[in-house]
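# Overview (structure and organization)
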Amino acid sequence: MTIQWFPGHMTKARRQIEQKLKLIDIAIELLDARIPLSSRNPMVDDILRNKPRLVVMTKADLADPRETDKWIAHFAAKGLASVAVDANTGTRIGDIASKAKELLHEKRERQRAKGMNPRAIRALIVGIPNVGKSTLINRLAGRNVAITGDRPGVTKGQQWIRVGSEMELLDTPGILWPKFEDQLVGYRLAMTGAIKEQILNVEDVAFHAIRELSGRYWDALSKRFGIEQPPADLDDPQEIVRVMEDIGRKRGCLVSGGRVDLEKASGIILRELRAGKLGRITLESPDDL
Ligand code: G4P
């Protein structure tokens with residue numbers, strides 16, 4: 001989904017979420033398990049305020065499981081409950097309703113003590129574009145729900161989707177904008193496919209991918225592309241380009257004169273990274289904080 005985020009759109013998106021918060025018991029904040037920092041909206045704490053919240057890391061099937069465990073511990077230390085799921089196959093999505101129930105347990109017990117019979121937990125999914133909101137809603141619903149969005153500017157009647165016996169989900173997720181200020185955030189969003197369009201130059205994105213992968217996952221990179229020599233210095237751009245050229249040569253991305261077609265090599269690197277062909281990779285670790 002392409003959204004051009006202008007200040008007016010951000011204000012509108014925020015207002016739409018704030019309206020929905022009045023209807024729900026718990027917000028489900030989606031983050032991409034490969035980039036939990038870069039896929040987080042910069043104002044999410046301010047927007048969700050005191051609403052009970054569950055963090056759901058999507059695309060856990062593509063992320064490094066050791067890092068995912070660290071993120072879960074990191075969020076827990078900050079008082080945030082989190083789960084990691086594969087929204088495509090539905091792996092562990094059952095944890096979402098059970099965690100939500102756990103988080104709201106006390107409130108519901110208080111209601112029961114007053115003689116009220118608590119209704120199903122009402123939840124809203126929020127997250128930046130392409131983090132997996134529609135996929136997760138469809139999985140939780142167990143059917144295809146037509147999610148036309150509530151992208152800024154489009155409104156439609158919203159409905160509750162029953163999830164199991166104790167949870168209901170708003171069918172229109174809250175769409176949040178990503179961080180724009182930090183260039184590295186943009187590159188990481190592009191590497192993982194959250195920014196699909198070529199807003200950023202493909203060679204620049206691949207350059208940053210190779211730089212980060214050389215530092216964190218050299219073995220995976222070396223194995224996938226059959227290259228042997230890691231960059232001598234990650235801060236030396238020529239060394240990173242040399243690795244990109246090595247990959248290009250291995251994949252036959254050559255132009256006349258035997259030069260490497262870097263654009264083509266970059267496309268291959270990014271496609272295979274996004275598809276998980278290099279293995280399960282996480283680009284942001286709580287250890288970096
Ligand atoms: P959105 O509503 O938040 O904008 O995201 P959406 O559900 O459309 O998901 C964006 C892409 O991410 C989809 O791929 C979807 O299949 C994929 N995706 C969502 N959750 C998961 C997950 O847990 N694991 C994996 N592996 N993929 C997930 P797509 O439509 O095929 O687009 P693309 O593959 O061309 O990027």
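Residues numbered from 1 in each chain as written. Predicted model: local features only at pLDDT ≥ 70, side-chain atom pairs only at ≥ 80, totals over all residues. Heavy atoms only, no water.

The name recorded for the protein in an unreviewed UniProt entry is Ribosome biogenesis GTPase A, from Paenibacillus cisolokensis. For the record of the protein, the UniProt heading Sequence similarities (unreviewed entry) holds the text "Belongs to the TRAFAC class YlqF/YawG GTPase family. MTG1 subfamily." You can read under Subcellular location (unreviewed entry) in the UniProt record for the protein the words "Cytoplasm". (UniProt positions renumbered as here; feature names shortened; annotations may be inferred.)

Okay, the pairing of strand S2 (residues 53-58) next. Within S2, 6 of the 6 residues are buried, which leaves it mostly tucked inside the rest of the structure. Judged by which residues are buried, S2 turns out to be covered on both faces: Arg53, Val55 and Met57 on one side and Leu54, Val56 and Thr58 on the other are all buried. In this structure, strand S1 (residues 26-32) lies alongside S2, joined through 6 bridges in parallel fashion. Following the sheet pairing, Ile28 is matched in S2 by Leu54. Of the pairings in the sheet, the one linking S2 to strand S3 (residues 81-84) comprises 4 bridges and is parallel in character. Within the sheet, the bridge partner assigned to Val55 lies in S3 and is Ser82. For the segment spanning S2, helix H3 (residues 65-77) and S3, crossover handedness is right-handed. (Buried < 20%, exposed > 50% of the residue type's maximum accessible area, 1.4 Å probe, protein only. Helix = DSSP H or I, 4+ residues; strand = E, 2+ residues; numbered from the N terminus. Pairing = 2+ DSSP bridges. Right-handed = clockwise from strand over helix to strand, strands pointing away.)

Attention shifts here to the site of the ligand. With respect to spatial proximity, 16 residues lie near the ligand, and among them Asp61, Ala87, Asn130, Ser134 and Thr135 are the closest. Between the ligand and Asp86, the relevant distance is 3.4 Å, taken from a nitrogen atom to a side-chain nitrogen or oxygen of the residue. In the complex, the protein chains occlude 67% of the 710 Å² of accessible area that the ligand would expose alone. Looking at the shell around the ligand residue by residue, the classes come out as 6 nonpolar, 5 polar and 5 charged. (Near = heavy atom within 4 Å. Polar contact = N/O pair within 3.5 Å; in protein donor to acceptor, adjacent residues only side chain to side chain. Areas by Shrake-Rupley, 256 points an atom, 1.4 Å probe, with all protein chains shown as cover. Nonpolar A, V, L, I, M, F, W, Y, C, P; charged D, E, K, R; others polar.)

Grouped together as the largest cluster of nonpolar side chains are 79 residues, with contacts concentrated most on Ile28, Val56, Ile96, Leu136, Met167 and Leu169. Examining the composition of this core, we find that 7 residues originate from one element, helix H8 (residues 202-216), more than from any other. Leave out the neighbours within four places in its chain, and Ile96 touches Ile28, Leu54, Val56, Val83, Val85, Leu136, Leu140 and Met167. Of all hydrophobic cores here, the second largest spans 10 residues; its members include Leu31, Ala63, Leu80 and Ala84. (Core = buried A, V, L, I, M, F, W, Y, C linked by side-chain atoms within 4.5 Å. Contact = heavy atoms within 4.5 Å.)

Moving on: the pairing of strand S5 (residues 160-163). Across the two faces of S5 the burial differs, with Ile161 and Val163 buried and Trp160 and Arg162 not buried at all. Pairing between S5 and strand S6 (residues 167-170): 4 bridges, direction antiparallel. In the strand pairing of S6, Arg162 is matched with Glu168. With antiparallel pairing between neighbouring strands as the criterion, S5 and S6 make up a hairpin whose turn holds 3 residues, including Gly164 at a positive phi of roughly 65°.

On to the pattern of salt bridges. Applying the stated criterion to the full structure yields 27 salt bridges. For Glu272, the salt bridge identified is with Arg251, shortest N-O distance 2.6 Å. Taken together, the residues Glu272 in helix H11 (residues 262-274) and Arg251 in the loop between helix H10 (237-250) and strand S8 (254-255) connect sequence positions 21 residues apart. Through salt bridges with shared partners, one network takes in Arg14, Glu18, Asp46 and Arg49. (Salt bridge = Lys/Arg side-chain N within 4 Å of Asp/Glu carboxyl O.)

Tracing the chain through its elements places Arg119 in the loop between helix H5 (105-113) and strand S4 (121-127). Exposure remark for Arg119: the relative accessible area of 44% places this residue in the partly exposed category. Those residues in contact with Arg119 that lie beyond four places of it in its chain are Asp25 and Arg108. A polar side-chain atom of Arg119 sits 3.0 Å from a polar atom in the side chain of Asp25.

Another aspect to go through is the confidence of the model for the protein. Here the protein shows a mean pLDDT of 93. Residues at 70 or above account for 94%. If you check the scores for this complex, the pTM reads 0.94 and the ipTM reads 0.96. (pLDDT = per-residue confidence, 0-100.)

Here we come to the packing of aromatic side chains. All told, the structure shown has 2 aromatic pairs when counted by the stated rule. Their ring planes at 55° and their centres at 5.9 Å tell us that Trp5 and Trp177 sit as a pair that is tilted. Remark: Trp177 occurs in the loop between strand S7 (174-175) and helix H7 (183-191) and Trp5 occurs in the segment before helix H1 (7-21); sequence separation between them is 172 residues. Assigned by exposure class, Trp5 and Trp177 land together as buried. (Phe/Tyr/Trp six-rings, centres within 6.5 Å; stacked < 30°, edge-to-face > 60°.)

Under the 1.5 Å per step criterion, the end-to-end length of H10 is 20 Å for 14 residues, consistent within 8% with the ideal 20 Å. Along H10, the residues that are buried comprise Glu239, Ile240, Arg242, Val243, Met244, Asp246, Ile247 and Gly248. For H10, the elements touching its buried residues are H8, helix H9 (218-225), strand S9 (259-260) and H11. Structurally, the start of H10 carries an N-cap: the backbone nitrogen of Gln238 is 3.0 Å from a side-chain oxygen of Asp236. Gly252, located one to two residues past H10, shows a positive phi value of around 70°. (Expected span 1.5 Å × (residues − 1).)

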